[in-house]
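Take a look at the letters that make up each chain.
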Amino acid sequence: PKDDMPDSSPLNAAARFLSFVYTAWVEPAPFSSPRSKLWQWLSKGPLRSKLIQFFDENTDFSKSLVSFRANVKFEHEGESLKTLVDELKHELDVRSIYVWHALS
């Protein structure tokens, strides 16, 4: 979250509450459970615009994947992620390289 947002702001309080609900109630539930389906409906329906606004203003999570090609933030002094991948493909004699990117 942005540093200029006070911890007591209504948005932070709502975010903490939703985070607690999701972590304690939704995350441990099976994907097809009523709890999970309710969360999916809420996040795609009534809460959608507020969630998008929160994540857009306070996190980097709203950045969408727009291409499978690396963008300029992966380039540095003539070297790029593409260069590395091309070298690995050649050295390992493979057609494709996949990368799993996750934040914990």
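Residues numbered from 1 in each chain as written. Predicted model: local features only at pLDDT ≥ 70, side-chain atom pairs only at ≥ 80, totals over all residues. Heavy atoms only, no water.

Chemist: Any details on helix α4 (residues 81-92)? Residues and values, ideally.
Modeler: The first and last C-alpha atoms of α4 sit 16 Å apart over twelve residues, in line with the 16 Å expected at 1.5 Å per residue. The first or second residue beyond α4 is D93, which carries a positive phi of 55°. (Helix = DSSP H or I, 4+ residues; strand = E, 2+ residues; numbered from the N terminus. Expected span 1.5 Å × (residues − 1).)

Chemist: Requested: an account of the packing of helix α1 (residues 10-26) against helix α2 (residues 34-44), with residues and values cited.
Modeler: As a packed pair, α1 and α2 sit with axes 10 Å apart at the nearest point and diverge in direction by 150°. Compared by their axis directions, α1 and α2 come out roughly antiparallel. Handedness of the α1/α2 crossing: left-handed. Across the interface between the two elements, L18, Y22, W25 and V26 of α1 pack against R35, S36, L38 and W39 of α2. When the residues that make up the contact of α1 with α2 are grouped by side-chain class, the tally is six nonpolar, one polar and one charged. (Axes fitted to C-alpha atoms, helices over the stretch in contact; angles between N-to-C directions. Parallel < 35°, antiparallel > 145°, perpendicular 65-115°, else oblique. Left-handed = near helix turned anticlockwise from the far one by under 90°. Contact = heavy atoms within 4.5 Å. Nonpolar A, V, L, I, M, F, W, Y, C, P; charged D, E, K, R; others polar.)

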